[in-house]
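Letter by letter, the chains look like this.
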Amino acid sequence: MRILIIGIIIFLIGINTAKAETLVYKSVLEKAVKNSYDLKITEIDVKIAQTEIKEARSEYFPLVSLNYNSQYDKDLTNGTSSLTPVGDSIVTNSTRYLNALSAGLQYNLFDFGVRNKNLDIAKKGKLQKQTVYTQNFRDLKLNLSDAYTKTLLVSRELKTNEELLSLNKTLFSMYEKLYNSGTARKTDMADQALKVAVLINKIDDLKTELKKNFSDISFYTKENYTTSDKILNLFDDEEGIIPVTNNSKTPIKLEIKESEVLDINNLPEYKLYQLEIEKKKAELSMLKRQNLPQFRFTTNYYFYGTDKNNYFHSFGDMEDRSLTFRVSSVLPVFDGLKNQAQREKTKLEIERLALERDKKVESVKSFYEKAYQESIDSNQKLENQANALKLTEEKIAMIEKLNKEQLIDKISYLKQKSDLITQKFELEKTRINSEEAAYKLRILAEAGEELPASSKTKIKNVKEQRNDKIY
């Protein structure tokens, strides 16, 4: 029985271990893309737009139809009436069976470019859907990076506070012993107890916040996470807060390079509105052409058969009877000024779209410049804190040596080690925020590369914070 209980415990431990995983941003992003409803919907929208292009292109082909009519006429006047047309109907004067078969063809000879404009609108509609996909993909990466970074920061803060809690518990235990021996004041022990209590409460709050943040990531990936899962830095496949070169402990600086990175005409927001404006312009051109005549060609080939007494004998009488060719034209003369009202409405819609486009572009530009400024500030903080960290590491190395040789008291050693842990976390926090800002800059700069831009209008004197290891 005892062996069975031990086996169950080992099995449960194994299950808990198996559940823990390491989150890497690249893999998380791949899962988010795979499970994104917005991207899936947009992919379907692109396919729908392709069918609309086929529908518009069909206007360039002739319409071929085959018509069949089987009819029985019964004369109720015994032949005394005459053949009489009434509107679109014919009042017959004979009893007979009739069968008619006709093949027809209709073709739009000339419409002053209406078909071409309609096809152009359909093609721009497809480009819009493709641009929406690009925009959704960009927004997914920006939103996911926010959720991932928040989770990463909370995870690192939780880990830091757990280390601090362990050190402060040891300090409390030492103060308690000193107090019992009469070499320390009670207030010192009480202060240390308060620090432990505050850290415990903070750790509980961080665990709750971490669960919430993992749920935010789960919204994108459709996977479940636990607070025991590890989460790596935004750009690193290996854990470690500061990349180093040549085995040196000097952190790599996030270099800021002068670059014209934000192409306004290449932004998805600009493209979407510009394509909609071009569609409206094509629609306006179509409305103008609707006041011009349209020419259509029609031809019909008729087979006809009849018999007075037998339905089936009428089929034997069927033979080709006539072949017609027709060219027709329709010229709108007056439509109650409907077309004019539609044109005025379309012109106003074009003006409104242009204003909305400029407003949206300014919003994206502001977001980009904010991310750029965050990169500048974070980079400066990172440099300052890196220097402080270097000094602190040198100091703790000396303290570790003194502690090993028992040349320093344990309390001073633990306090200074706590300061180092706090200092490292502040550096890591700045580093994470700096990397996220750099990531946002890159995403905004590259968002529209999938579709060609007709012209270049770049924001001058804009810089991008990059890291050679990251990119």
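Here the structure is shown first, and the text comes after it.
Residues numbered from 1 in each chain as written. Predicted model: local features only at pLDDT ≥ 70, side-chain atom pairs only at ≥ 80, totals over all residues. Heavy atoms only, no water.

Participant: Account for a nonpolar patch on the surface, naming residues and giving values.
Facilitator: Together, Leu109, Phe110, Phe295 and Val327 give the surface a local cluster of nonpolar side chains, amounting to about 360 Å² of exposed area. Along the chain, the position of phenylalanine 295 falls in strand 8 (residues 294-307). (Patch = residues over 30% accessible without salt bridge, like charges linked within 9 Å, V, L, I, M, F, W, Y side chains within 5 Å. Areas by Shrake-Rupley, 256 points an atom, 1.4 Å probe, with all protein chains shown as cover. Salt bridge = Lys/Arg side-chain N within 4 Å of Asp/Glu carboxyl O. Helix = DSSP H or I, 4+ residues; strand = E, 2+ residues; numbered from the N terminus.)

Participant: Break down the packing of aromatic side chains for me, with residues and values.
Facilitator: Tallied over the entire structure, the rule returns eleven aromatic pairs. Relative to phenylalanine 315, the ring of tyrosine 311 has its centre 5.4 Å away and its plane inclined at 90°; by these criteria the two rings are edge-to-face. Its relative accessible area of 29% is what places tyrosine 311 among the partly exposed residues. Connected via pairs of aromatic rings, a cluster forms that spans Tyr72, Tyr97, Tyr311, Phe312 and Phe315. Over the ring of tyrosine 37 we find lysine 40, and its NZ or CZ is 5.8 Å from the ring centre. The ring of tyrosine 60 has arginine 115 sitting right over it, with the charged end atom 4.9 Å from the ring centre. (Phe/Tyr/Trp six-rings, centres within 6.5 Å; stacked < 30°, edge-to-face > 60°. Buried < 20%, exposed > 50% of the residue type's maximum accessible area, 1.4 Å probe, protein only. Lys NZ or Arg CZ within 6 Å of the ring centre and 35° of its normal.)

Participant: Can you tell me about the sheet that holds strand 8, naming the residues and giving the values?
Facilitator: With respect to topology, four strands assemble into an open sheet ordered 2-5-8-9, the strand pairing being antiparallel. The sheet is open, and its two edges are formed by strand 2 (63-73) and strand 9 (319-330), each paired on a single side. In this sheet, neighbouring strand axes are inclined to one another by 20° on average, regardless of whether the strands run parallel or antiparallel. (Pairing = 2+ DSSP bridges. Axes fitted to C-alpha atoms, helices over the stretch in contact; angles between N-to-C directions.)

Function-wise, these values are silent; they only describe arrangement.
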